Amino acid sequence: IFQSHHLSREPYRYKQYCLTTKSGIALLYNEETNNTYDVCLKLTKEVLTIQKLDVVCTSGSESQVNHRTVVLRRQATGGLGLSIKGGAEHNVPVVISKIFKDQVGKKAFHLTVHLLRTAGDEVTITVRYLREVPSFLKLPLGSPGPDHSRVSSPLFDSGVHLNGNGNNTAPSPPSPSANEPKYEKRWLDAVSLPLLMARVSRYKAGKDKLRFNCFEVFALDGASTNILQFCTAAESTDWLQAISTNINDLTQENVSPFLNIRGLVGSSCECIVHMGWACECPEGSAPGRSSTFKFLALRGPYFYIFKSPPISAADWGQAETTYNLYEVLFKVHKLWMAEDCWLQARLYLGLEHSPEQDTESLCFSILVGHGQSHTFRVELATDLAIWEKSFQRAVFLEVQRIQSKSYMCSSQGNVLCFTIDFASGFTCSESTSKTILWRYKFSQLKGSSDDGKTRVKLLFKNPESKQIEMKELEFANLTAVLHCIHSFIAAKVASMDPLFMCSQSFLGNYTNS
């Protein structure tokens, strides 16, 4: 009962970023192909866009005039008589860089090379003739940036010779033509993920293994960014914080459309305090069980656990689990702390990593009746703080709404009714006659003990005799009763905190009905 209930001495506020847009360079890692390449990230309030480097025609014409179909016949010596360069790894097309005299030639890389080398004696290909070397072939390899200082191009750096001759001397480019198209490397949109109801994860799917300086973003429809990698922990945390903030803000702003309930707008019993994704961790070391993402919601009198976000009114009845808010207890797991206070701060902000953090850090538990519990993990310390404050507010609002709660109990063979009242405190009465047997204020409760099953001893201080009086009661669901007592006491304490009460009106902008 006397678990400490932390109330911030500062007005409760969600952190707001002045800038909802952000852009920068990251690495995109594809687990299937095991390839990593540069991408450009563009974050807006509603969308995260991933851009990939590509070659575009900026001037001139890409008409089909210069397209030609050529039939090559493999010679007994010398092969097809051509050399090809470029390819996807250089972000440029495959180009025939040289045609050897008295031999034939044209197109491709990797797959193209394989096709040309394993083709029969006759090969038919379609090519486009360029009068001069395209400008994109003169650009540096890789992506623009300080780490790409090379001045060569795939046209002159490498090549595969399909003529049996290792000579790699590049021919002199023909005279330029004003009508030839000009090419440039540019960032082009490849993936756009809407952030509404999206989620982020720094952990490997289904595992508790934390990735270093990496995370993924998943849209509501299941689309993913793949793994985004960053050079430093600070850069990774900065992007993770910015994306998470936009997701949270966008989710809270769009609560009403997702509720889709008419006639309940403005009803305090349907108030949504907070909702979002969290990863549920299996209890203990349960074999065969892995961490799974769940969508959590604090709405009205209940705490909801969903497999996926509720889109319509009917979805709210499809929750995986629902609990009465005043009968659950929110508990933040103790963070692993280093001896160095500066290291503690860096661990908390996500700028440093320790193996001890993998399974315990940034977790909270929901303790429910009969000793059951759910443990959830979030990605950032700010997410943990928001859930903690949101639970405080949701429980406070629910206690304010119901004002009192009664439970049937027994004492010395008699059936009694035990009532917890926000205004008057604790009351015990006979179940049939309603005769009040005893009554105490919240402030008179000085201690308690229980057997962990059904029985509890409550110690009250008599205001007149100053003596401690013990009341022993037995409940069918003792845990729920103890949690309810905690919720009412916490709400009573909160109601006497002017800063907490002041923050409730401020939060009206973030709580939607």
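Whatever comes next refers back to the structure up there.
Residues numbered from 1 in each chain as written. Predicted model: local features only at pLDDT ≥ 70, side-chain atom pairs only at ≥ 80, totals over all residues. Heavy atoms only, no water.

Visitor: If you had to explain the overall build of the protein to someone new, which residues and values would you point to?
Guide: What the protein contains, in helices and strands, is nine helices and 26 strands. Residue burial in the protein is summarised as follows: out of 513 residues, 45% are buried. Of the contacts formed within the protein by residues at least 6 apart in sequence, a portion of 60% connects residues at least 24 apart. Surface exposure of the protein reaches about 26,500 Å², of which carbon and sulfur atoms provide 51%. (Helix = DSSP H or I, 4+ residues; strand = E, 2+ residues; numbered from the N terminus. Buried < 20%, exposed > 50% of the residue type's maximum accessible area, 1.4 Å probe, protein only. Contact = heavy atoms within 4.5 Å. Areas by Shrake-Rupley, 256 points an atom, 1.4 Å probe, with all protein chains shown as cover.)

Visitor: Explain the nonpolar core to me, using residue names and the numbers behind them.
Guide: Counting residues in each nonpolar core, the largest one holds 51 residues, and the members touching the most others are Phe303 and Phe418. By size, the runner-up hydrophobic cluster in this structure holds 23 residues, among which are Leu48, Leu195, Phe215 and Leu240. (Core = buried A, V, L, I, M, F, W, Y, C linked by side-chain atoms within 4.5 Å.)

Visitor: How would you explain the environment of Ser410 if you had to name every residue and give the values?
Guide: You can see Ser410 is positioned in strand E20 (residues 404-411). For Ser410, a relative accessible area of 24% corresponds to the partly exposed category. Distance from Ser410 to Glu472, taken between C-alpha atoms, is 8.9 Å for residues 62 residues apart in sequence. Apart from the residues lying within four places of it in its own chain, the contact partners of Ser410 are Leu416, Glu472, Leu473 and Glu474.

Visitor: So what's going on with the sheet that holds strand E18 (residues 363-367)? Which residues, and what values?
Guide: Sheet architecture is open: seven strands sit in the order E16-E15-E14-E13-E19-E18-E17, paired in antiparallel fashion. Each edge of the open sheet is held by one strand with a lone partner, namely strand E16 (321-324) and strand E17 (329-332). Across the sheet, the axes of successive neighbouring strands diverge by a mean angle of 30°, strand direction being ignored. With eight bridges connecting them, strand E13 (residues 272-281) and strand E14 (residues 292-299) associate as antiparallel partners. Across the sheet, Glu280 pairs through a bridge with Thr292, a residue of E14. Relative to E13, helix H7 (residues 381-402) is tilted by about 130°, and along the sheet it contacts E13, E14, strand E15 (302-306), E17 and E18. (Pairing = 2+ DSSP bridges. Axes fitted to C-alpha atoms, helices over the stretch in contact; angles between N-to-C directions.)

Visitor: Which residues make up the pairing of strand E23 (residues 436-440), and what values go with them?
Guide: Relative to E23, strand E22 (residues 425-430) runs antiparallel, the two sharing four bridges. Each residue of the ladder has a partner; that of Ser429, found in E23, is Ile436. In sequence, E22 turns back onto E23 through a hairpin of five residues, with Lys434 there showing a positive phi of about 65°.

Visitor: Go over the side chain of Glu398 with me, naming the residues and quoting the values.
Guide: Considering the arrangement of structural elements, one finds Glu398 in helix H7. By relative accessible area, which is 3% here, Glu398 ends up buried. Ignoring sequence-local partners within four residues, the contact set of Glu398 consists of Gly300, Pro301, Leu325 and Tyr326.

Visitor: Talk me through the packing of aromatic side chains; I want residue IDs and the actual numbers.
Guide: The tally for this structure, following the rule as stated, stands at 21 aromatic pairs. Judged by centre distance (5.0 Å) and plane angle (80°), the rings of Tyr304 and Trp316 are edge-to-face. Taken together, the positions of Tyr304 in strand E15 and Trp316 in the loop between E15 and E16 put the pair 12 residues apart, joining distant regions of the chain. With a relative accessible area of 8%, Tyr304 lands in the buried category. Arranged with centres 5.7 Å apart and planes meeting at 55°, the rings of Phe426 and Phe460 form a pair that is tilted. (Phe/Tyr/Trp six-rings, centres within 6.5 Å; stacked < 30°, edge-to-face > 60°.)

Visitor: Help me get a handle on unusual backbone geometry, residues and values and all.
Guide: For Gln412, which is not a glycine, the phi torsion comes out positive at approximately 55°. Structurally, Gln412 can be placed in the loop between E20 and strand E21 (414-421).

Visitor: Talk me through H7; I want residue IDs and the actual numbers.
Guide: Taking 1.5 Å as the rise per residue, H7 with 22 residues should run 32 Å; its terminal C-alpha atoms sit 32 Å apart, in good agreement. Taken from the residues just after H7, Gln403 is the one with a positive phi, measuring 70°. (Expected span 1.5 Å × (residues − 1).)

Visitor: Can you lay out the pattern of salt bridges for me, pointing to particular residues and giving the numbers?
Guide: Throughout the structure, instances matching the rule amount to seven salt bridges. In this structure, the salt-bridge partner of Asp238 is Lys22, at a minimum N-O distance of 2.7 Å. Of this pair, Asp238 sits in helix H3 (residues 233-253) while Lys22 sits in strand E1 (residues 22-30), and the two are 216 residues apart along the sequence. Note on Asp238: relative accessible area 36%, which makes it partly exposed. Look at Lys22 and you get partly exposed, because its relative accessible area is 25%. Note that Glu474 is salt-bridged to Arg455, the shortest N-O span being 3.5 Å. Here Glu474 is found in strand E26 (residues 468-475), whereas its partner Arg455 is found in strand E25 (residues 455-461), with 19 residues between them in sequence. We classify Glu474 as partly exposed; its relative accessible area is 29%. (Salt bridge = Lys/Arg side-chain N within 4 Å of Asp/Glu carboxyl O.)

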